[in-house]
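Here is what each chain is made of, one letter per residue.
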Amino acid sequence: MIFVHLAEALIALGGAFLAAGILARAGARIGLPTIPLFMLAGILFGPNTPGIALVDNPADLKLLGAIGLVFLLFYLGLEFHTDDLVAGGRRLVGVGALYLVLNVGGGFLFGLALGWGWREALVLAGVIGISSSAIVTKVLVDLGRLGNPETRLILGVIVIEDVFLALYLAILTPVLSEAEGMGAAALDVGKAFGFLILLASVARWGTRLVGRLIATKDDELLVVIFTGLAILTAGVAEELGVSDAMGAFMIGLILGATKTAPRIRELVHPLRDAFAAIFFFSFGLSIDPGDLAKVAVPVALAVLLTFVLNGVAGVAAARISDLDRSQASNVVFTILSRGEFALVLAALAASAGGLDARLAPFIAGYVLVMAVLGPLAATRARRFERALPARLFRERYEGVREEEDAGVPTPTGSRGHPG
């Protein structure tokens, strides 16, 4: 019987990888991002959909899905640079704070308006308020906009959102666990922040020691060592109530400051991509398509709210950063996408238990829609440019017209830029 179960497990896992890969490959041909397609594969081949069920119990892939989440956040930590925040100065921090106040604050109020509960509203605040750095970065690369003037602003906002998410996860985890009494809650938050401070101290003063620990010319050994560190730190973080995702992010931040970081980034790519696909697939397994219909109206309202809040924040950010209307349109529609962070919060909520049953299908439906609409809107930002009031950018436009009349070439990223 052991061999039968092993065979079934291997077939299910192999089928999951194959189904996710084939569906994502088909979607890539029409410009769709992989994240919603991996989720869709989980829904189609899960126990809640008629037809072939590759996995009968979503819990069977729980560990592999958790490892996928670990590698996602670990890689994000590797790519994160505090220098990016310093270089942007107060203006960038102010713009990032504006984005967070509008989007996260709007998400929280929306959650309260749904009447599902205040803990659910806290989860929805992060789900609606935090962009997908993975999708946004991929869109910028695919559209060739990395050199555009507005891209620095976009990446700066993403970095600030990442910092906020790190702190938010540390606070949200003990809140969702419903610690008994103020003292217990304070103790949980204290343990979480204590662990984060410890890891932050290591990142600040202990990178040389960590660098010696992982220093090896053998790529095989390096993969084994950083994988062990990432999973071990995530496990300790989870045990202390910080969340495994936050632990993975912090150890990635630490290793990202070592001399071995470039090699780690290169070596972790296939691990991140493979296990992240299983993470998204396993999330899809838990979704009943019938439940999506029940939250269709809240999802539609949330999508509309996201467009409005992101539009207001993007226009304000562009004005503060002295960008023109075309660049502002790129900002607005590039930062729209929601993806992996929403699912991180969904996984956190699922592990906490006791929350409204509509929360998981809502997040799944919202991410599916936004992960598709976001990239599509970004590719058509020029078409949506007219929706932004021209009077808000009149001074910039007049400057561009004067230069064009004088025969001065239009700078990259302005009205004449094709992207």
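Structure's up top.
Because the structure is a prediction, the values reported are computed rather than measured. (Residues numbered from 1 in each chain as written. Predicted model: local features only at pLDDT ≥ 70, side-chain atom pairs only at ≥ 80, totals over all residues. Heavy atoms only, no water.)

### Here's the deal with the nonpolar core
Note on soluble globular proteins: their nonpolar side chains tend to be buried together. So the rule is basically this: Remark: nonpolar core denotes a set of buried residues (Ala, Val, Leu, Ile, Met, Phe, Trp, Tyr, Cys) joined through side-chain atoms within 4.5 Å. Each residue is assigned to one of three classes by its accessible area relative to the maximum for its type, calculated with a 1.4 Å probe on protein chains only: buried under 20%, partly exposed between the two thresholds, exposed over 50%. Residues count as neighbours in contact if any of their non-hydrogen atoms are within 4.5 Å of one another.
Leu73, Phe74, Leu255, Phe362 and Ile363 are the most contacted members of the largest nonpolar core, which totals 123 residues. Ignoring sequence-local partners within four residues, the contact set of Phe74 consists of Phe226, Ala230, Ala248, Phe249, Ile251, Gly252, Leu255, Ile264 and Val268.

### Observations concerning the environment of Leu196
To keep things clear, this is the line we draw: Per the convention used, a helix needs a DSSP run of H or I reaching at least four residues, while a strand needs a run of E reaching at least two, with both numbered from the N terminus.
The topology assignment puts Leu196 in helix H8 (residues 181–205). A sequence separation of 29 residues divides Leu196 from Leu167, and the C-alpha atoms of the two residues are 9.0 Å apart.

### Examining a nonpolar patch on the surface
The condition that has to hold: Patch criteria: residues need more than 30% relative accessible area and no salt bridge. Like-charged residues are merged within 9 Å; nonpolar side chains of Val, Leu, Ile, Met, Phe, Trp and Tyr are merged within 5 Å. Areas reported as accessible are Shrake-Rupley estimates using a 1.4 Å probe. Residue values count occlusion only from the protein chains shown. Salt-bridge detection follows one rule: a side-chain nitrogen of Lys or Arg within 4 Å of a carboxyl oxygen of Asp or Glu.
Residues Leu109, Leu112 and Trp118 make up a contiguous nonpolar surface patch of roughly 350 Å² in combined accessible area. Following the sequence through the fold, Leu112 ends up in helix H4 (residues 82–114).

### Structural notes on unusual backbone geometry
The backbone phi angle of Asp322 is positive, close to 60°, even though this residue is not glycine. Along the chain, Asp322 turns up in the loop between helix H14 (296–320) and helix H15 (325–334). Under the relative-accessibility criterion, Asp322 is labelled partly exposed at 46%.

### Concerning the pattern of salt bridges
One pass over the full model with this rule turns up 6 salt bridges. Residues participating in the shared-partner salt-bridge network are Arg325, Arg382 and Glu385.

### Some thoughts on the side chain of Arg119
We count it as follows: Any pair of N or O atoms that falls within 3.5 Å is considered a polar contact. Within protein, one atom must be able to donate a hydrogen and the other to accept it, and sequence-neighbouring residues count only if both atoms are side-chain atoms.
Structurally, Arg119 is set in helix H5 (residues 118–129). Taking the relative accessible area as the measure of exposure, Arg119 reaches 6% and is therefore buried. Of note is the side chain of Arg119, whose polar atom sits 3.3 Å from the backbone oxygen of Gly354.

### Notes on the side chain of Glu120
The following threshold applies: When charges are tallied, Lys and Arg are placed among the positive residues and Asp and Glu among the negative ones, while His and the ends of the chain are skipped.
Along the chain, Glu120 turns up in helix H5. Although Glu120 is buried, it makes no salt bridge; Arg119 carries the closest opposite charge, 5.2 Å away. Residues within four places of Glu120 in sequence aside, it is in contact with Gly354, Leu355, Asp356 and Leu359.

### Looking at the layout of surface pockets
Selection rule: As defined here, a cavity is a set of points on a 1 Å grid over the protein atoms alone where a 1.4 Å probe fits but cannot get out. A pocket is an open set with protein on both sides within 12 Å along at least five of seven lines, and residues line them when an atom is within 4 Å of a point. Grid points are joined across faces, edges and corners, and a volume is the space filled by probe spheres set on the points. Under this grouping Gly is polar, as are all residues other than the nonpolar Ala, Val, Leu, Ile, Met, Phe, Trp, Tyr, Cys and Pro and the charged Asp, Glu, Lys and Arg.
As a volume, the second largest pocket reaches approximately 790 Å³. Around the second largest pocket, the lining comprises 31 residues; the ones closest to its centre are Lys62, Ala346, Ala347, Ala350 and Ser351. When residues of the lining of the second largest pocket are traced back to their parent elements, those giving at least two are helix H3 (62–79), helix H11 (244–256), helix H12 (261–285), helix H16 (340–352) and helix H17 (359–379). Per element, the largest residue contribution to the lining of the second largest pocket is 7 residues, and it comes from H16. Counted by class, the lining of the second largest pocket contains 20 nonpolar, 7 polar and 4 charged residues.

### A few points about H12
For an α-helix, the turn length of 3.6 residues means that residues three or four places apart are oriented alike. Worth spelling out the cut-off: One fewer than the residue count of a helix, multiplied by 1.5 Å, yields its expected span. Think of it this way: the bend at a residue is just the angle between two axes, each fitted to seven residues, one set ending at that residue and the other starting at it.
The first and last C-alpha atoms of H12 sit 34 Å apart over 25 residues, in line with the 36 Å expected at 1.5 Å per residue. In H12, a bend of some 40° at Val268 exceeds every other bend along the element, and Pro270, a proline, comes one to four places later.

### Notes on empty space enclosed by the protein
Evaluated as defined, the whole model comprises 1 cavity of 30 Å³ or more. For the lining of the largest cavity, the elements supplying multiple residues, two or more each, are H3, helix H7 (151–176) and H11. A total of 4 residues in the lining of the largest cavity trace back to one element, the largest contributor, which is H7. Classifying every residue of the lining of the largest cavity gives 9 nonpolar, no polar and 1 charged.

As far as function goes, none of this settles anything; it's purely spatial.
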